[in-house]
Amino acid sequence: MQGQDGERDRHGARDGSPGAPEGAAPDGASAGTAAGSPHGAPAGTAAEVPPGAPPGTPDPEPRRGRPRSAAAERAILDAVIALLEAGEPLAGLSIERIARTAGVGKATIYRRWSDKEELFVDVVRDMEPDDPPVSGTEGLADLRVMLESLRTRGLAQRSSALLHNIFAQMKSHPKLWNEYHGTVIAPRRLAMVEAVRRAVAAGELRDDLDVELIDDLFVGPMLVRTVHRPDAPLPDDLADRIITALLQGLAPAARV
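A quick note: this is a predicted structure, and the numbers were derived from the prediction, not measured.

Analysis parameters
Residues numbered from 1 in each chain as written. Predicted model: local features only at pLDDT ≥ 70, side-chain atom pairs only at ≥ 80, totals over all residues. Heavy atoms only, no water. Helix = DSSP H or I, 4+ residues; strand = E, 2+ residues; numbered from the N terminus. Buried < 20%, exposed > 50% of the residue type's maximum accessible area, 1.4 Å probe, protein only. Contact = heavy atoms within 4.5 Å. Phe/Tyr/Trp six-rings, centres within 6.5 Å; stacked < 30°, edge-to-face > 60°. pLDDT = per-residue confidence, 0-100. Patch = residues over 30% accessible without salt bridge, like charges linked within 9 Å, V, L, I, M, F, W, Y side chains within 5 Å. Areas by Shrake-Rupley, 256 points an atom, 1.4 Å probe, with all protein chains shown as cover. Salt bridge = Lys/Arg side-chain N within 4 Å of Asp/Glu carboxyl O. Core = buried A, V, L, I, M, F, W, Y, C linked by side-chain atoms within 4.5 Å. Axes fitted to C-alpha atoms, helices over the stretch in contact; angles between N-to-C directions. Parallel < 35°, antiparallel > 145°, perpendicular 65-115°, else oblique. Nonpolar A, V, L, I, M, F, W, Y, C, P; charged D, E, K, R; others polar. Expected span 1.5 Å × (residues − 1). Polar contact = N/O pair within 3.5 Å; in protein donor to acceptor, adjacent residues only side chain to side chain.

## Considering the overall build of the protein
Helices and strands together make up the secondary structure of the protein, namely nine helices and zero strands. The order of helices and strands in the protein, counted from the N terminus, is α-α-α-α-α-α-α-α-α. Across the 256 residues that make up the protein, the buried fraction comes to 34%. When contacts within the protein are restricted to residue pairs at least 6 apart in sequence, long-range pairs at least 24 apart make up 64% of them.

Okay, structure coming up:
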């Protein structure tokens, strides 16, 4: 999560949200004009070139709103986590309650997230281990990194009763689960499929199989261990063991 107070993020403020937006023009300022902007220029736009300036003089740097508060974002995420830890169900949380707990206005939340689903997805992402960086050029090496990330996220869900509970609730709320799937799971799957393509192109994997099937063969065992078999061990070398087993094949060695 990034952003600085007063500078609109990718969602923008929702129309009709109560409360004055951070960085809004004071009472009496004309619409579209930011207080203190030279020549009445709207905030976030370039000021006019001063009269009499030589031809070709570049426009001044655009004025930007005051930085958006990272502390406010942190307070909002922590407020959701605190409410969930207190036993509040996801379905029962309202933006009003979250804002009150975080000590911010509803407009501050809507400027960062368009609805509860987007906010809840970011809460889950904040609680999960970070996605590891991959080279974007390697095949099997990147695939191994992403398989290991699946394993560590599985461990995180096992060790956090709250995270486990959140996932259980998410699956019973289609809109929330679809938001999480579209913004988190789908991009991760695409990244793994692309790593498989690179491995095929590099001659590390067969080129006569569907790449999505190959991806499923790698990811499937890890998902079974992390999701469907919560009692199954998740040893440190599990990603390597899965890759080795698939590369060597499951048929017994030929007898001499």
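Don't stop here, the text continues.
## Section: the packing of aromatic side chains
This structure, assessed with the given rule, holds two aromatic pairs. Judged by centre distance (5.4 Å) and plane angle (85°), the rings of Phe167 and Tyr180 are edge-to-face. A residue pair is termed long-range when its members are at least 10 positions apart, and Phe167 in helix H6 (residues 161-170) and Tyr180 in helix H7 (residues 174-201) qualify at 13 residues. Accessibility classification places Phe167 together with Tyr180 in one group, the buried group.

## A word on the confidence of the model for the protein
Looking at the protein, pLDDT values average 79 and 73% of them are 70 or higher. This model gives residues 1-54 a pLDDT under 50, and the stretch forms 80 contacts once residues within four places in sequence are excluded. Taken together, the stretch residues 57-67 has pLDDT below 50 and engages in 25 contacts with residues farther than four places along the chain or on a different chain.

## A word on a nonpolar patch on the surface
Side chains of Leu209, Leu213, Leu217 and Leu246 sit close together on the surface and give an oily, nonpolar patch of about 290 Å² of accessible area. Following the sequence through the fold, Leu217 ends up in helix H8 (residues 211-228). Leu217 sits in the partly exposed class, given a relative accessible area of 40%.

## Here's the deal with the nonpolar core
Judged by nonpolar contacts, the single largest core of 30 residues is most densely connected at Val80, Ile98, Ile109, Leu119, Phe120 and Met170. Leu150, Val196, Val200 and Ile243 belong to the second largest nonpolar core, which has 22 residues in total.

## Description of the environment of Val184
Structurally, Val184 is set in helix H7. Separated by 62 residues in the primary sequence, Val184 and Asp122 have C-alpha atoms spaced 9.6 Å apart. In contact with Val184, not counting residues within four places along its chain, are Val121 and Arg125.

## Concerning the packing of helix H5 (residues 140-159) against H6
Taken N-terminus to C-terminus, the directions of H5 and H6 make an angle of 100°; their axes are 5 Å apart at the nearest point. Between H5 and H6, the angle is such that the two are roughly perpendicular. Where H5 abuts H6, its residues Ala156, Gln157 and Ser159 lie against Ala161, Leu163, His164 and Phe167. Residue composition of the contact of H5 with H6, by class: four nonpolar, three polar and no charged.

## Some words on H8
Over its 18 residues, H8 runs 24 Å from end to end, which matches the ideal 26 Å to within 8%, given 1.5 Å per residue. All buried positions along H8 are accounted for by Val211, Ile214, Asp215, Phe218, Val219, Met222, Arg225 and Thr226. Elements that come into contact with the buried residues of H8 comprise H5, H7 and helix H9 (238-248). Where H8 starts, the residue carrying a side-chain oxygen 3.1 Å from the main-chain nitrogen of Glu212 turns out to be Asp210.

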